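Coordinate inspection notes
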Amino acid sequence: MSNRLVYVMDPLCSWCWGFAPVMEGLIDQAAAAGVGVHLVVGGLRTGRTPLDPATRARILEHWHSVNEATGQPFRFEEAMPAGFVYDTEPACRAVVAARRIDERLAWAMAKGVAQAFYRDGVDVTCTAALVDIAEAAGMSRIRFAETFDLASTAEATQGDFQWSQSLGISGFPTVLAEHDRQFALLTNGYQPLKELAPLLARWLDRATAL
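Described in the following lines is the structure provided in the data block. Quick caveat, the model's predicted, so the values are computed rather than measured. (Residues numbered from 1 in each chain as written. Predicted model: local features only at pLDDT ≥ 70, side-chain atom pairs only at ≥ 80, totals over all residues. Heavy atoms only, no water.)

Some points on the overall build of the chain
- Helices and strands together make up the secondary structure of the chain, namely 8 helices and 4 strands.
- When the helices and strands of the chain are listed from N to C terminus, the series reads β-α-β-α-α-α-α-α-α-β-β-α.
- Relative to its length of 210 residues, the chain is compact, with a C-alpha radius of gyration of 17 Å against a globular reference of 17 Å.
- Once the C-alpha set of the chain is aligned to its principal axes, its extents read approximately 55 × 40 × 30 Å.
- Taking as baseline every contact in the chain between residues at least 6 positions apart, the subset at least 24 positions apart corresponds to 74%.
- If you sum the accessible surface of the chain, you get close to 10000 Å²; carbon and sulfur atoms cover 51% of it.
- Separation of charge centres in the chain, based on 18 positive and 24 negative side chains, amounts to 2 Å. (Helix = DSSP H or I, 4+ residues; strand = E, 2+ residues; numbered from the N terminus. Rg over C-alpha atoms; globule rule 2.2 N^0.38 Å. Contact = heavy atoms within 4.5 Å. Areas by Shrake-Rupley, 256 points an atom, 1.4 Å probe, with all protein chains shown as cover. Lys, Arg positive; Asp, Glu negative; His and termini not counted. Charge placed at Lys NZ, Arg CZ, Asp CG, Glu CD.)

Describing the side chain of Asp87
- Of note, Asp87 is situated in the loop between α2 (53–70) and α3 (89–101).
- Given a relative accessible area of 7%, Asp87 falls into the buried group.
- Side-chain polar atoms of Asp87 contact the side chain of Arg48, separated by 3.3 Å.
- Within the structure, the side chain of Asp87 is placed 3.1 Å from the backbone nitrogen of Glu89, a separation counted as a polar contact.
- Once residues lying within four places of it in the same chain are set aside, the contact partners of Asp87 are Leu12, Arg45, Thr46, Gly47, Arg48 and Thr125. (Buried < 20%, exposed > 50% of the residue type's maximum accessible area, 1.4 Å probe, protein only. Polar contact = N/O pair within 3.5 Å; in protein donor to acceptor, adjacent residues only side chain to side chain.)

Comments concerning the environment of Ala177
- Structurally, the position occupied by Ala177 is in strand β3 (residues 174–179).
- The spatial distance from the C-alpha of Ala177 to the C-alpha of Thr46 is 27 Å, given a sequence separation of 131 residues.

As for the pattern of salt bridges
- Under the criterion given, the structure shown has 10 salt bridges.
- Among the salt bridges present, the one from Glu78 reaches Arg75, with a minimum N-O distance of 3.8 Å.
- Residue Glu78 is classed as exposed on the basis of its relative accessible area, which comes to 67%.
- Taking relative accessible area as the criterion, Arg75 reaches 36% and is therefore assigned partly exposed. (Salt bridge = Lys/Arg side-chain N within 4 Å of Asp/Glu carboxyl O.)

Observations regarding unusual backbone geometry
- The linkage connecting Phe172 with the following residue, Pro173, adopts the cis geometry, with an omega of 0 degrees.
- Its place among the elements puts Pro173 in the loop between α7 (151–166) and β3.
- At Asp180, a residue that is not glycine, the phi angle is positive and equals roughly 50 degrees.
- Relative to the assigned elements, Asp180 resides in the loop between β3 and β4 (182–188).
- Among the residues examined, Asp180 registers a relative accessible area of 33% and is labelled partly exposed.

Overview of the packing of α3 against helix α4 (residues 106–119)
- Close contact between α3 and α4 brings their axes to 8 Å; oriented N to C, the two are set at 155 degrees. In terms of orientation, α3 lies roughly antiparallel with respect to α4. Seen from above, α3 lies across α4 with right-handed handedness. Residues Ala91, Ala94, Val95, Ala98 and Arg99 of α3 touch α4, and the partners they reach there are Ala106, Met109, Ala110 and Val113.
- Looking at side-chain class alone, the contact of α3 with α4 contains 8 nonpolar, no polar and 1 charged residues. (Axes fitted to C-alpha atoms, helices over the stretch in contact; angles between N-to-C directions. Parallel < 35°, antiparallel > 145°, perpendicular 65-115°, else oblique. Left-handed = near helix turned anticlockwise from the far one by under 90°. Nonpolar A, V, L, I, M, F, W, Y, C, P; charged D, E, K, R; others polar.)

Set out below in structure tokens:
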């Protein structure tokens, strides 16, 4: 029998950045019961069209809402400069590359990408920035770059997008608790840890007792 948490997210989803401390708590809680976490990337926004001013303004409004609700830090000044292409596919593929190298590194990569983008203002659509983040997360720069560039990694990333869509998941963050390929929904959307920890505790009690 197998148990795990499945976290469906996008590293460039602002609510996922807001949810990061909560997810850290859930990962620690699950790990104490011997249950791991599997990250699935959702592909929040893909394409090569630069942001127009109105869209940028709407996105920044969302960022302010997340900052106010969660306290997570954002760098609002000079964020998403003129001509910025808000394509989350490279960041998602970076998480998949880390997962393919070592499943345990996927969460560190996802956090590192989000922190660099939202807190530090780094353009994480650039491969060079993603390589730097991967190295900070404990990966070989060369191995990460090679894995990131593989056609099979791009295909696996698209597979993640399709899998989440097949389950009808349209919003992030989403956390599923999986027992023998049966899924229970812990949350679809942001909730504080104090709300989710008791739900996870009850699921862990049942799943680990079976």
